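# Geometric and topological summary
Residues per chain, in single letters:
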Amino acid sequence: MFSKETRGITITVLAFILCSIVSGVVLGLMLAQTRNLKNNEQFVDFNPALPTRILDIRGDLITEFASEEKREMITLDKLPPHMVNALLTREDQIFYEHGGFSVKAIMRAVFGKLTGRSLGGGSTITQQVAGTLFLDRSDISITRKIKELWWALQLERRYSKNEILELYLNKMYFGGGTYGVNAASRFYFGHPATEITPAEAAILVIQLSNPAYYNPFEHPNRAMDRQQEVLRQMVALGHLGKEEADRSFEDYWASFDYTRTASSAWLSRDDKARWFSEYVRRQLETMMYGTMDIYSGGYTVHTTLDLRHQAAADKVMQQYLELANRRFRASSSTRFAQGDSYAKITELLALTFNLPQLAVSAERHHVKSMALYNRRVNPVVDMMSLVFGIDNLKIETNKANARMQAESAKTTVEGALVSIENDTGYVTALVGGSKFDQSNQVIRATQAQVQPGSTFKPLYYSAAIDSRKYTEGSMINDTPVVFFNESGVPYTPLNFKGEWKGTVLLWEALAHSMNVPSLRILDGIGFDAAINRAAALLGYKTRDEINKVFPRVFSIGLGVISVSPMQMARAFGTFANQGKEITPISIRSVEDRNGKTILDPEKELRLEQKRKGTAIQLVSPQNAYIMTDLLKNTIRTGTLGSASAYEGKFTFKDESGKRYTIPAAGKTGTTQNWADAWTVGYTPYYTTALWFGFDRRGLSLGLDNTGATLAGPAWGDYMNMIHQGLPFRDFIKPQTGLVTATVCKKSGKLPTDACDEGTVSLLYLEGTQPTSYCEYHETGGELKRIAIDRLQKESLSVGQRPITVDTSDLLLDPSIFDDPEPRSSARRPTGTSSNNAKPEDQPVGDAPSDSPVPGGSEPDFNPLLD
């Protein structure tokens, strides 16, 4: 028998042997996985680089995101010292001191995770290289961190610090599809990394943590702040003098130019939907932050785009952008031609009195010279710089040419289109501007913030219907009026050509985009109801956002706010979707190279929508159906009538040859001085928003480019193309809560035998339908004579133009003669000129039609268009 001591020693020895065996096996396995680093001198990728494929809704290939020609190797000794110092300052200040890892950094990162604070990463430069070379950095787990540490130790054992640093600078992702500091320098700055300045080096190193978040072209202020912090730390560590840092920083932002974000390989790739692809790419860079490999990871991205819709959108937008620019140039040429006689006089004055500022011919020679240079000289200079290797010459000529192109682009009509499927929120087509290239990358469909004009009106008309104060048949006076804002500043809205219609019904006021009746409705429901409804439909959630976007002034009723086409499509799509909120979505899911779904944005969106419950219903189905009924009139008889061929563009034939018409609804808009032209409309299938205008504010599209004559026809053509072959489908009418009534076309009351001017069938929320009979056709003649006599005695004018009242169609509510105190600060003019009150200093909205001013000249007062 063994003694207890002997048994204890035996157990200890056996345990030690077992642990040694296990440790040996584990160590052997880990050593085996080093893949013989000593023989792997070329730093090969163990997962071959594969492009990310972008697919449309039917599985057809849109484009591929690949990293080819985006990686340019450079040795460490060719880089400026401040490039290396900026990297060490930002990522690993003790790189030359540690053996591959930093306990302090790891503990800091762990503490940050536990407390939910951003205290910096725990990986050294060596660990980042190891994770990029041998592991999947999207795997956020302790196992991956342990493996990363192991590989870091192997790298430190095999390679020198400078070799690891050089590998890092050539391997890591810097955003924009670029890998390595040299490719990134060309992408961001237009020159190789050998010419990087301290400020540029700081810009590059901040891209390493989150290139989508710190992109200087999309978030310049954010990038500037972090860049300053890196430069400050470099000065504090003695890597850079303060004066040099400040000078470099100022020089960088003084010459900052968005057009230098070019990559020939990227822009020349095959892409069937370039604007949409860029929209998706930006979202992927945010969604996949941390993986850094959407250009080489072999992902498959399933999107919502329908390439058939996109082809139609591209064709229509190209056609109408060319038309808009031809019209704009023609109107500009007319104005210049009219100024020829003045040019001769100013030329004479310039020569006589030595006033070179008046020398018009000098400017003309300058324009002609620049055109000649761009057409003939610049291509030769480019060729010479390539033949003789004069890189600096090419860089300087490209800079100058880019600046000239940017100036020219400011006077080019741009446009945007976005189309959304009502049931799902799928973005089926997107056009962000004219041609997508290195100098034109602003996705105007989502990024433009422009005034919507009269397309904004339906948003608060919806609130008016819910207030139950107004119905489709409400009588509203279209007569001169002065409104007083909450600040006491008067506001005098105008109608097109100074014409007034007397009393109109609400449906007619919206269909023909009448301004004064619309502002009377706004006044009737109040700012709070109008703003809250518009904010909900446009997607604004917080009170701070709402207060910033929506001014509490009457001009808001004419669309004097800033929105994007995507927001307008979302708002109108809510009406098409029975009042339920639409959230636009472009990426359905993302799969890795093995077919495993790693991101499922659509599933997350549907779960979020389900959690909202009844809150997803922004307006009632009854309200949405009435708004659709109102907006149908715009196409039947209003400002979209001609553009849609009075429903002709929505009439199709089935297989048997039988005709059917898919119902459609919409609204046009043209802002002050013809600066922006809009159309937003929908069918039971899709909602589409179109905008045309300028990137630089203050220019006019011209009298021929309006919502009804430019955006409207483009919208009609596009909607016709994407509805080809679709079966008939109608808007869903709620089973309860609505009443249809036939009313007098003039008074909106129940008709009598005396109503010989026709009737109209209108929709009402149950309980708001008329119950009294029309009295106009019995007493209207007398009231009409009184109204005409009264208006003719009043001296009404706008500027120097008299206001014309269309007395042939005049109908006034008898109550206006009682002159009651209005609910707000609105006033009718009483025998004094309406321009005696000083109008508020802000743009004014749109007019009831797009008819040009007689004689073709711009009126000397501000017309309110469409």
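Counting restarts for each chain: residues are numbered from 1 in the order of the written sequence. Note on the predicted model: pLDDT of at least 70 is required for a residue's local features to be given, and 80 or more for side-chain atom pairs to be given and counted; whole-chain, interface and lining totals, by contrast, use all residues. Heavy atoms throughout the structure, all of them, feed into the side-chain values; hydrogens and water do not.

## Observations regarding the overall build of the chain
Stated formally: By the criteria applied, helices consist of DSSP H or I runs no shorter than four residues and strands consist of E runs no shorter than two, each listed in order from the N terminus. Exposure is judged per residue with a 1.4 Å probe applied to protein chains only, and the accessible area is read against the type maximum: over 50% gives exposed, under 20% gives buried, and values in between give partly exposed. Residue contacts are counted whenever heavy atoms from the two residues lie within 4.5 Å of one another. In short, Shrake-Rupley with a 1.4 Å probe defines the accessible areas, and a residue's cover is counted only from the protein chains shown.
The secondary structure content of the chain amounts to 27 helices and 24 strands. Burial statistics for the chain: of 866 residues in total, 51% are counted as buried. Expressed as a percentage of contacts within the chain between residues at least 6 apart in sequence, the contacts between residues at least 24 apart total 73%. Working note: accessible area of the chain is about 40700 Å², and carbon and sulfur atoms make up 54% of it.

## So, the side chain of Lys-632
Put simply, the test is: His is not counted, nor are the chain ends; Lys and Arg add positive charge and Asp and Glu add negative charge. Here, a salt bridge means any side-chain nitrogen of Lys or Arg that lies within 4 Å of a carboxyl oxygen of Asp or Glu.
Following the sequence through the fold, Lys-632 ends up in helix H25 (residues 621-636). Within the buried core, Lys-632 has no salt-bridge partner, and the shortest N-O distance to an opposite charge, that of Asp-730, equals 4.4 Å. The residues contacting Lys-632, other than those within four sequence positions of it, are Pro-663, Ala-664, Ala-665, Asp-730 and Phe-731.

## What to know about a nonpolar patch on the surface
This is how it is decided: Put simply, a patch holds well-exposed residues, over 30% relative accessible area, that have no salt bridge, with like charges counted together within 9 Å and Val, Leu, Ile, Met, Phe, Trp or Tyr side chains within 5 Å.
Together, Phe-101, Val-103, Ile-106, Met-107 and Leu-153 give the surface a local cluster of nonpolar side chains, amounting to about 420 Å² of exposed area. Here the element with the most residues in the nonpolar patch is helix H3 (residues 103-115); it accounts for three residues. When you line up the elements, Leu-153 lands in helix H5 (residues 142-158).

## Digging into the packing of helix H23 (residues 565-576) against H25
How we decide: Lines fitted to C-alpha atoms define the axes, with helix axes restricted to the stretch in contact, and inter-axis angles between N-to-C directions lie between 0 and 180 degrees. Any angle from 65 to 115 degrees is called roughly perpendicular, while one under 35 is roughly parallel, one over 145 is roughly antiparallel, and all others are oblique. Ten residue types, Ala, Val, Leu, Ile, Met, Phe, Trp, Tyr, Cys and Pro, are classed as nonpolar, four, Asp, Glu, Lys and Arg, as charged, and the remainder, Gly among them, as polar.
Contact geometry of H23 with H25 gives a least axis separation of 7 Å together with a crossing angle of 110 degrees. Compared by their axis directions, H23 and H25 come out roughly perpendicular. The segment H23 lies against H25, with Phe-572, Thr-574 and Phe-575 engaging Asn-623, Ala-624, Met-627, Thr-628 and Leu-631. Split by residue class, the contact of H23 with H25 holds five nonpolar, three polar and no charged.

## Examining the pattern of salt bridges
Under the definition given, this model contains 24 salt bridges. Note that Arg-729 and Asp-423 form a salt bridge whose closest N and O atoms lie 2.8 Å from each other. In this pair, Arg-729 is assigned in the loop between helix H26 (707-722) and strand E20 (738-744) and Asp-423 in the loop between strand E6 (414-421) and strand E7 (427-431), connecting sequence segments 306 residues apart. For Arg-729, a relative accessible area of 29% gives the class partly exposed. Residue Glu-486 pairs with Arg-552 through a salt bridge whose shortest N-O separation is 3.0 Å.

## Notes on the pairing of strand E5 (residues 300-303)
Threshold: For two strands to pair, DSSP has to find at least two bridges joining them.
Here E5 shows two buried faces, one formed by Thr-300 and His-302 and the other by Val-301 and Thr-303. The sheet contact formed by strand E1 (residues 52-55) and E5 spans three bridges and is parallel. Each residue of the ladder has a partner; that of Leu-55, found in E5, is His-302. Pairing geometry for E5 and strand E13 (residues 587-591), over four bridges, is antiparallel. Across the sheet, Val-301 pairs through a bridge with Val-590, a residue of E13.

## What about the nonpolar core?
Condition: The nonpolar core is taken to be a set of buried Ala, Val, Leu, Ile, Met, Phe, Trp, Tyr and Cys residues, with the residues joined through side-chain atoms within 4.5 Å.
Of all hydrophobic cores here, the largest spans 137 residues; its most connected members are Leu-284, Val-418, Leu-430, Leu-538, Phe-550, Phe-692 and Tyr-718. Of all the elements, helix H13 (residues 307-338) adds the most residues to this core, at ten residues. The contacts of Leu-284, once residues within four sequence positions are left out, are Ile-54, Phe-65, Ile-294, Val-301, Ile-587 and Val-590. Judged by nonpolar contacts, the second largest core, of 52 residues, contains Ala-86, Phe-134, Tyr-168 and Met-172.

## Overview of the confidence of the model for the chain
Defined as follows: The pLDDT value tells you how sure the predictor is about a given residue, anywhere from 0 up to 100.
Here the chain averages 80 in pLDDT, while 70% of its residues score no lower than 70. Every residue in residues 362-367 scores below 50 in pLDDT, and together they form two contacts with partners more than four places removed in sequence or on other chains. For residues 792-865, every residue scores under 50 in pLDDT, and the model assigns this stretch 201 contacts once sequence neighbours within four places are set aside.

## Description of the sheet that holds E6
Spatially, the five strands line up as an open sheet ordered E7-E6-E19-E18-E17, and their pairing is antiparallel. Unpaired on one side and paired on the other, E7 and strand E17 (665-670) mark the two borders of the sheet. Each strand axis lies, on average, 5 degrees off the axis of its neighbour in the sheet, ignoring direction. Where strand E18 (residues 677-682) lies against strand E19 (residues 686-693), six bridges are found, and the strand directions are antiparallel. Looking at the pairing, Ala-677 lines up with Phe-692 of E19. Contacts from H23 reach E6, E7, E17, E18 and E19, with the element oriented near 30 degrees to E18. Strands in contact with H26 are E6, E7, E17, E18 and E19; relative to E18, the strand with the most contacts, it is inclined by about 35 degrees.

## Some words on unusual backbone geometry
Backbone geometry places Gln-578, a non-glycine residue, at a positive phi of 60 degrees. For Gln-578, the position within the fold is in the loop between H23 and E13. Unlike most non-glycine residues, Tyr-646 shows phi in positive territory, near 50 degrees. Among the secondary structure elements, Tyr-646 is positioned in the loop between H25 and strand E15 (651-653).

## Focus on the environment of Thr-637
Relative to the elements of secondary structure, Thr-637 occurs in the loop between H25 and E15. As for Thr-637 and Glu-647, which are separated by ten residues in sequence, their C-alpha atoms are 9.8 Å apart. With residues up to four places along the chain from it excluded, the contact list for Thr-637 reads Trp-507 and His-512.

## Regarding the sheet that holds E13
Pairing within the open sheet is mixed, and its five strands lie in the order E2-E1-E5-E13-E14. Taken across any chain shown, the strands that pair with only one partner, and hence form the sheet edges, are strand E2 (61-65) and strand E14 (597-599). Averaged over all pairs of adjacent strands, the angle between their axes in this sheet comes to 25 degrees, without regard to strand direction. Pairing of E1 with E2, which is carried by four bridges, proceeds in the antiparallel orientation. Residue pairing for E2: Ile-54 is matched across the bridge by Thr-63. Docked against the sheet, helix H12 (residues 274-287) engages E1, E2, E5, E13 and E14, running at close to 50 degrees with respect to E2. Here helix H24 (residues 601-612) sits on the sheet in contact with E13 and E14, set at roughly 135 degrees to E13.

## Thoughts on the side chain of Ser-700
Formally: Within 3.5 Å is the distance limit for a polar contact, defined as a pair of N or O atoms, with the added protein rule that one can donate a hydrogen and the other accept it, and that residues adjacent in sequence qualify only through two side-chain atoms.
Locating Ser-700 in the fold gives a position in the loop between E19 and H26. Note on Ser-700: relative accessible area 16%, which makes it buried. At a separation of 2.8 Å, a polar atom in the side chain of Ser-700 contacts the main-chain carbonyl oxygen of Asn-673. Among the polar contacts made by the side chain of Ser-700, one reaches the main-chain amide nitrogen of Gly-702 at a distance of 3.2 Å. Setting aside anything within four residues of it in sequence, one finds Ser-700 in contact with Phe-328, Asn-673, Trp-674 and Phe-694.

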